[in-house]
Each structure stands twice: as structure tokens, then as C-alpha cells.
Amino acid sequence: MVKNQIYSLWPIYIGEFYNPEHQEIKDDLIKFFKEYEKKNPKGRDGENKENYNLYESNYDLHHEKNDSLSKLLSFIAKSFLSMSNSTNKKFIDRLKNTKPSFDVRINNSWFIRYNKSGSVLPHDHGRCSWCCVYYVQIGKDASNDNGSTYFLRPYQRKSPEDFGGSLYSSGGNAVFKAEEGKLLVWPNFIVHGSNPYEGEKNRIIVSANASVHLSK
Ligand SMILES: [Fe+2]
């Protein structure tokens, strides 16, 4: 007899990675970003209306020459690859005999230095497979309400009188606390933003968009 089935499909993956080299590169990165800001006082021009009270670099940070930045981008690229390997595991296992290798391409990268209470309203990044945020500097007082990153649930169905459908398909955002040396990675279609940070230190982050290619 045919068996009834209920499928649970399309999970959303958000990765959290910790950089073991953070303390070694932090001060140099902050110094480098200060110099960058002096050279490019206006920062990125553009219609990024989601930004509030912050400085944002151009989107080609990965073309800059700085050892600490290169180390950070290498950590970010490895983390992107971990996400791709993990989420595509079933398919990659089938390629095992061909010993596939992968090429992570950073398409855009930038830094943001938030002024006190600076924030970014909900937005997504489009044309890439993975996006990320890396916390270069934030105080110990950061919390889910203070300086965190939030992700909006990708499907929202509001029908309050319909118990059967509305409960499972609605609900809160996913909120991740900002911590120095932590990297969050998510798929490009997730709408996200940052909560204002009220601490004394400026919140500083690096973001990047990447695609992962099967090269062999
Ligand atoms: Fe973003």
C-alpha cells in the first residue's frame, strides 16, 4: 500500500565560524581601515539607502594590499567553502572518484565602521551564492538587542484565525549576537540587517559576497 508522506523541504543554512587568528590581525586591520577612510573620506557613493550613520568602504576591498586583510579574506574564503561543502555534501559525495576541487570567488568585499547607533535596514545582496559578516571590533556589552545581526524569516504568512497554517509559517527573526572574531555566513536571498550598537567602541565589520565554482 502507498504510504502518506509529509516532507520537510528547503532548510535555511546560517554558518557561524570563529577566526583563531583574530587577535593577531585585529589592530592592524583597524589601523588599515583608518588610513583607508582618510584616503577615501566619502566612502562608497551609491544608493544604499538602507545605511544609517556609518562609513562604508568601496566594494572592492579584496583588491587592497594588506597582510592582515589577506589573512582575513583567506579565513572567509575557507568558511564559504565549508558552507558549500556542507550544504552540497550529497552531490559532492557522488563526485568523490573524480576528486573535485572548488574555486571560491570573492565578488565583492567591504568594511563598515558604524558610528554610535548606526545601523543597516533590511536588505539582501543578490548576485552571489553566499554572503557574510565578520565582526572586527565590538564591545563586550554587545547582545541580541545591542549591535546584533538579524535575519528575516523568508516566508511570512499572516492569517491569525487560521491555526493550521499561520503558526508554523510565522514567527520571529533569527538574531545573532556580534562577537569579535566571529563570522556569519548565509545564502544570498536572506533579508538581513544590523541592530544599532550603543557601546563606546565603534562597531566595525567586514562583509563579502562570494560564489563557489567546481573547477575540476
Ligand atoms: Fe548586508
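Residues numbered from 1 in each chain as written. Predicted model: local features only at pLDDT ≥ 70, side-chain atom pairs only at ≥ 80, totals over all residues.

1. A short note on the overall build of the chain
For step 1, the next point in the chain: In terms of regular secondary structure, the chain is built from four helices and nine strands.
For step 2, the next point in the chain: Of the regular secondary structure in the chain, the N- to C-terminal order runs β-α-β-α-α-β-β-β-α-β-β-β-β.
For step 3, the next point in the chain: The dimensions of the chain, computed from C-alpha atoms along their principal axes, are 70 × 55 × 30 Å.
For step 4, the next point in the chain: Here the contacts in the chain between residues at least 6 apart in sequence split such that 86% fall between residues at least 24 apart. (Helix = DSSP H or I, 4+ residues; strand = E, 2+ residues; numbered from the N terminus. Contact = placed C-beta atoms within 7 Å.)

2. Quick notes on unusual backbone geometry
For step 1, the next point in the chain: For Asn53, which is not a glycine, the phi torsion comes out positive at approximately 60°.
For step 2, the next point in the chain: With respect to the element layout, Asn53 can be found in strand β2 (residues 51-56).
For step 3, the next point in the chain: A positive phi angle is found at Lys99, which is not glycine, with a value near 45°.
For step 4, the next point in the chain: Structurally, the position occupied by Lys99 is in the loop between α3 (89-94) and β3 (102-123).
For step 5, the next point in the chain: Classification of Lys99 as exposed rests on a count of 7 C-beta atoms within 10 Å. (Buried ≥ 20, exposed ≤ 12 C-beta atoms within 10 Å, placed from the backbone.)

3. Details of the nonpolar core
For step 1, the next point in the chain: One finds Leu72, Ile76, Cys132, Tyr134, Val185 and Ile205 to be the most contacted residues of the largest nonpolar core, which totals 36 residues.
For step 2, the next point in the chain: Put simply, the parts of the chain that give this core at least two residues each are α1 (22-39), α2 (67-87), β3, β4 (130-137), β7 (182-187) and β9 (203-214).
For step 3, the next point in the chain: The contact partners of Ile76, leaving out residues within four places of it in the chain, are Cys132, Tyr134, Leu183 and Ala208. (Core = buried A, V, L, I, M, F, W, Y, C linked by C-beta atoms within 7 Å.)

4. Here we look at α1
For step 1, the next point in the chain: The end-to-end C-alpha distance of α1, which contains 18 residues, comes to 25 Å, matching closely the 26 Å that a straight helix rising 1.5 Å per residue would cover.
For step 2, the next point in the chain: Within α1 the residues assigned to the buried category are His22, Ile25, Leu29 and Phe33.
For step 3, the next point in the chain: Where α1 is buried, its residues touch α2, β3, β4 and β9. (Expected span 1.5 Å × (residues − 1).)

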